[in-house]
Structure formats: structure tokens, C-alpha cells
Amino acid sequence: MNRSHNEVAVVTGGSAGMGLALATTLIDKGWSVVTDARDADRLHTALPDSTRVTTLAGDVRDGDHQDAIAAAVARHGRLDLLVHNASELGPMLPLAEVPESLFSGVLATNLLAPLALTQRLLPYLIASRGTLVGISSDAAVEHYPTWGTYAASKAALDHLVLTLGEENGIRAYAVDPGDMRTAMHQAAFPGEDISDRPLPESVVPHLLALLAGDEPSGRYRAADLAPAGASR
């Protein structure tokens, strides 16, 4: 993933977890990264502004915030990678018990916001022959009780990302990172010890290998990808 020119990435949800791990790694490899999160203090503590990172506090569902992300990309004049990482777990309830308002809220974060942001950034992504990525979940293809709200949003995100890739002639990947030791995963298993789950930092090399390779657009499990730098 080391390049001879200054590549630009947008990674949503960059204050913690997978988003922070990916953004940090890209910055270390010489990329310029635009990232966001709702919690301004946590975002700016995790990734202080520098010449290589632009941190924007706000809600990815908000149109003005999406415009701010697009304006940051416009200042760079290019976009090589767009990663839809920001997600909302939503209610861990059987679908028969999920209020419509809560279901709609999860779709707004996990599906509608990625579509709206991609629409704003697509011209830059096409011009740079860039890559579109949606961070998925095994719940998008499996059927776990009480996970239905989150799972439906991720299944739809997979379809959205891959269709956008097909329609616009860009590489597009839906990537299932597997279980990780994150705040969201802990929220899904309250009171349980999740210390056996891998840290997000351990997943990033697998994602970078996909981005640096020539695999066709599609859905991939990070566990099935040899990490960047590994012999094949």
C-alpha cells in the first residue's frame, strides 16, 4: 500500500475500533485521511489534526456534515478510497419486537448515510479510479436471533456498495472483518468477556492486502485474505 503519490482516503467512524485502526495505518503509510465521528473530543484525541489527517466531528447522517466531508475531499482534489465504517448496532431484539423508529434509525446510519455520502464523493472516486468499501458483518449472510435489525442493514449495505461499483466501473468490496474486540461488539454481548476477540489492528493487514491486490469486486471475509506482506 505504499504509493509514489499522495493518495486520499475517507474513513467514516474514525475515533475508535476498525475505523481508527485503518485510518492510523493509512496515515503511517503516507496517505491523507479524512475521517469523522460524533464525539468530537474522542475523535480529536484519537487522531489530532495534522497535515495528513482531517478530523470532522459530526453525524454521518447529517447532510451538512456530508457536505463538509466532500469539501475536505475537494481540497485534496482526489479520492482513492472510501470506506463506510461508521455503524449503529441498534436494538438487540427479535424483529417482531423492533419498533419501526429504531429500525429506521439503524438504516439511516448504516445504509442511507453511506449512499448519500457516496453520491457526493463519487465523481472524485471515479476520476481517481478509486475503491469503495463497505465494512460488513457475518450477520449480513447468517441469521442470528436478535441481530436482525443490524443484519438487515449490513446485507443492504453489501448490495448497495457492490451495485455502485458495477454501475460506475470502480472496484467495490464488502468486507466482513470478523468478530473484533470493539465497543460495539461488547455492546452486543453485555457483561461477557470478549478479550478473546482479535483487536481491529490485527484485521487491517488483511484489508490492505485486498486493496493492494487485483481481486475482483465482491464480498470477502478478512480471515480468508492473506495479510499484506505475507508470502503466498
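In case you missed it, the structure is sitting above this.
Anyway, here's the lowdown on the structure attached to this text.

The rules behind each value
- Residues numbered from 1 in each chain as written.
- Predicted model: local features only at pLDDT ≥ 70, side-chain atom pairs only at ≥ 80, totals over all residues.
- Heavy atoms only, no water.
- Helix = DSSP H or I, 4+ residues; strand = E, 2+ residues; numbered from the N terminus.
- Expected span 1.5 Å × (residues − 1).
- Buried < 20%, exposed > 50% of the residue type's maximum accessible area, 1.4 Å probe, protein only.
- Arc of directions from axis to C-beta.
- Pairing = 2+ DSSP bridges.
- Axes fitted to C-alpha atoms, helices over the stretch in contact; angles between N-to-C directions.
- Contact = heavy atoms within 4.5 Å.
- Phe/Tyr/Trp six-rings, centres within 6.5 Å; stacked < 30°, edge-to-face > 60°.
- Parallel < 35°, antiparallel > 145°, perpendicular 65-115°, else oblique.
- Left-handed = near helix turned anticlockwise from the far one by under 90°.
- Nonpolar A, V, L, I, M, F, W, Y, C, P; charged D, E, K, R; others polar.
- Polar contact = N/O pair within 3.5 Å; in protein donor to acceptor, adjacent residues only side chain to side chain.
- 1 Å grid on protein atoms, 1.4 Å probe; cavity = no way out; pocket = protein on both sides within 12 Å on 5 of 7 lines; lining within 4 Å.
- Points joined across faces, edges and corners; volume = space filled by probe spheres on them.
- Salt bridge = Lys/Arg side-chain N within 4 Å of Asp/Glu carboxyl O.

1. Focus: helix 3 (residues 63-76)
Helix length check: helix 3 (14 residues) gives 20 Å between terminal C-alpha atoms against 20 Å at 1.5 Å per residue, within 8%. Turning to helix 3, its buried residues number three or more, namely His65, Gln66, Ile69, Ala70, Ala72 and Val73. Buried residues along helix 3 cover an arc of 155 degrees about the axis, so they all sit on one side. In helix 3, the exposed residues that point more than 90 degrees away from the buried face are Asp64 and Arg75.

2. Observations regarding the sheet that holds strand 5 (residues 131-135)
Spatially, the 7 strands line up as an open sheet ordered 3-2-1-4-5-6-7, and their pairing is parallel. Lying at the two open borders of the sheet, with one neighbouring strand each, are strand 3 (53-57) and strand 7 (218-221). Strand-to-strand, the axes of this sheet are offset by a mean angle of 15 degrees, without reference to chain direction. Strand contacts of helix 3: strand 1 (8-11), strand 2 (32-37) and strand 3, with the helix running at about 165 degrees to strand 3, the strand carrying the most contacts.

3. Here's the deal with the packing of aromatic side chains
Here the structure, examined in full by the defined rule, presents 2 aromatic pairs. For the ring pair Trp147 and Tyr150, a centre distance of 5.9 Å and an interplane angle of 65 degrees mean the geometry is edge-to-face. The exposure class of Trp147 is buried, given its relative accessible area of 15%. Tyr150 sits in the buried class, given a relative accessible area of 7%. With centroids separated by 5.6 Å and ring planes inclined at 75 degrees, the aromatic side chains of Tyr173 and Tyr220 adopt a geometry described as edge-to-face. Taken as a pair, Tyr173 in strand 6 (residues 171-176) and Tyr220 in strand 7 lie far apart in primary sequence, 47 residues in all.

4. Focus on the packing of helix 4 (residues 100-127) against helix 5 (residues 148-168)
Relative orientation of the contacting elements helix 4 and helix 5 amounts to 15 degrees, with a least axis distance of 9 Å. When the axis of helix 4 is compared with that of helix 5, the two are roughly parallel. Between helix 4 and helix 5 lies a crossing whose hand is right-handed. Touching Phe103, Val106, Leu107, Asn110, Leu111, Pro114, Leu115, Thr118, Leu122 and Ile126 of helix 4 are Thr149, Tyr150, Ala152, Ser153, Ala156, Leu157, Leu160, Leu164 and Asn168, all from helix 5. Looking at the contact of helix 4 with helix 5 residue by residue, the class counts come to 14 nonpolar, 5 polar and no charged.

5. Brief notes about the side chain of Thr12
For Thr12, the location among the structural elements is in the loop between strand 1 and helix 1 (17-28). At a separation of 2.9 Å, a polar atom in the side chain of Thr12 contacts the main-chain amide nitrogen of Asn85. Among the polar contacts listed, one links the side chain of Thr12 to the backbone nitrogen of Ala86, at a separation of 3.0 Å. Apart from residues no more than four positions distant in its own chain, Thr12 is found in contact with Asp36, Val60, Val83, His84, Asn85, Ala86 and Leu117.

6. A word on empty space enclosed by the protein
Counted by the stated rule, this structure contains 1 cavity of 30 Å³ or more. A volume near 30 Å³ is recorded for the largest cavity. What lines the largest cavity is Thr12, Val60, His84, Asn85, Ala86, Thr109, Ala113 and Pro114. At 3 residues, helix 4 tops the list of elements feeding residues into the lining of the largest cavity. Tallied by class, residues from the lining of the largest cavity come to 4 nonpolar, 4 polar and no charged.

7. Focus on the packing of helix 3 against helix 4
Across the interface, helix 3 lies against helix 4 with an axial gap of 10 Å and an inter-helix angle of 25 degrees. It follows that helix 3 is roughly parallel to helix 4 by the angle criterion. As for how helix 3 packs across helix 4, the hand of that crossing is right-handed. The segment helix 3 lies against helix 4, with Gly63, Gln66, Asp67, Ile69, Ala70, Val73 and Ala74 engaging Ala113, Ala116, Leu117, Arg120, Leu121 and Tyr124. Grouping the amino acids of the contact of helix 3 with helix 4 by side-chain chemistry returns 9 nonpolar, 2 polar and 2 charged.

8. Re the pattern of salt bridges
Applying the stated rule across the entire model yields 7 salt bridges. With a closest N to O distance of 3.9 Å, Arg38 and Glu88 form a salt bridge. Of this pair, Arg38 sits in the loop between strand 2 and helix 2 (40-46) while Glu88 sits in the loop between strand 4 (81-84) and helix 4, and the two are 50 residues apart along the sequence. A salt bridge links Arg61 to Asp59, with the shortest nitrogen-to-oxygen separation between them at 2.7 Å. Several salt bridges converge on common partners, so that one network encompasses Arg38, Asp59, Arg61 and Glu88.

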